[in-house]
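# Notes for the structure review
Listed below are the residues making up each chain.
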Amino acid sequence: MRYKTVKQENEFNGDALDNRLRMILYAMDGYSKTEFGVDLYITEVIRTHEENIRVYVERGVPEAKVKASVHQYGRGADCRAWILESEQASQLVRWTNKNFKYKGRPATALLHKVGNGMNHIHVQVDNEEIITIKK
Ligand SMILES: [Zn+2]
């Protein structure tokens, strides 16, 4: 596992992170290392609602429309996708969603572009007490 800065490393190892998310990120790191020889690279973990508002307002979203984010509850993390080949990033996302469900849906890992146009993988767990893991 790699981290953008010590801030993300501390948040990853801290009490605020949902243990289910930590487990999924470890699984993704293991898969990425085994399949591609590349550590998972965590760029963002905890983001407060105030930080979230700043990020979205910068992108032109009105402040009143900024919704709560899983990041503010320790249930979301972002990983750098462009350090992988595009097909590898898609494979990692498919593998993650096959094995871990978000609200019963294949939406635990989402590949999308961030503000700078670079791809990242948003990883999330829901607010339920249970997690669905494929047998
Ligand atoms: Zn995210």
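I will try to describe carefully the structure that is included in this document.

Cut-offs applied
- Residues numbered from 1 in each chain as written.
- Predicted model: local features only at pLDDT ≥ 70, side-chain atom pairs only at ≥ 80, totals over all residues.
- Core = buried A, V, L, I, M, F, W, Y, C linked by C-beta atoms within 7 Å.
- Buried ≥ 20, exposed ≤ 12 C-beta atoms within 10 Å, placed from the backbone.
- Helix = DSSP H or I, 4+ residues; strand = E, 2+ residues; numbered from the N terminus.
- Contact = placed C-beta atoms within 7 Å.
- Pairing = 2+ DSSP bridges.
- Axes fitted to C-alpha atoms, helices over the stretch in contact; angles between N-to-C directions.
- Parallel < 35°, antiparallel > 145°, perpendicular 65-115°, else oblique.
- Left-handed = near helix turned anticlockwise from the far one by under 90°.
- Nonpolar A, V, L, I, M, F, W, Y, C, P; charged D, E, K, R; others polar.

### Remarks on the nonpolar core
- Leu21, Ile24, Leu25, Ala77, Cys79, Ile121 and Val123 are the most contacted members of the largest nonpolar core, which totals 23 residues.
- Taken together, the elements giving at least two residues each to this core come down to helix H2 (19-36), strand E2 (41-44), strand E3 (76-80), helix H4 (86-99) and strand E5 (119-124).
- The element that contributes the greatest number of residues to this core is H2, accounting for four residues.
- Ile121 has contacts with Asp78, Cys79, Ala81, Ala89, Leu92, Val93, Ala109, Leu110 and Leu111, leaving out every residue within four places of it along the chain.

### As for the sheet that holds strand E4 (residues 109-113)
- Taken together, the five strands give an open sheet; going across it, the order is E1-E2-E3-E5-E4, and neighbouring strands pair in mixed fashion. What marks the edges here is a single partner per strand, and that holds for strand E1 (2-3) and E4.
- Direction of pairing for E3 relative to E5: antiparallel, over a ladder of five bridges. Within the sheet, the bridge partner assigned to Arg80 lies in E5 and is His120.
- The strands touched by H4 are E4 and E5; relative to E4, the strand with the most contacts, the crossing angle is about 150°.

### Some details on the packing of H2 against H4
- Put simply, H2 and H4 touch, their axes get as near as 11 Å, and they point 135° apart. With respect to H4, the axis of H2 lies oblique. As H2 packs across H4, the resulting crossing turns out to be right-handed. Touching Ile24, Met28, Tyr31, Ser32 and Phe36 of H2 are Gln88, Leu92, Trp95 and Thr96, all from H4.
- Partitioning the contact of H2 with H4 into residue classes produces six nonpolar, three polar and no charged.

### So, the environment of Gly74
- Mapped onto the elements, Gly74 comes out in the loop between helix H3 (49-58) and E3.
- Along the primary structure Gly74 and Glu85 are separated by 11 residues, whereas in three dimensions their C-alpha atoms are 28 Å apart.
- Setting aside chain neighbours within four positions, we find Gly74 in contact with Ala16, Leu17, Asp18 and Ile46.

### Re unusual backbone geometry
- Not every positive phi belongs to a glycine, and Lys103 is a case in point at roughly 50°.
- When the 12 C-beta atoms within 10 Å are taken as the criterion, Lys103 is described as exposed.

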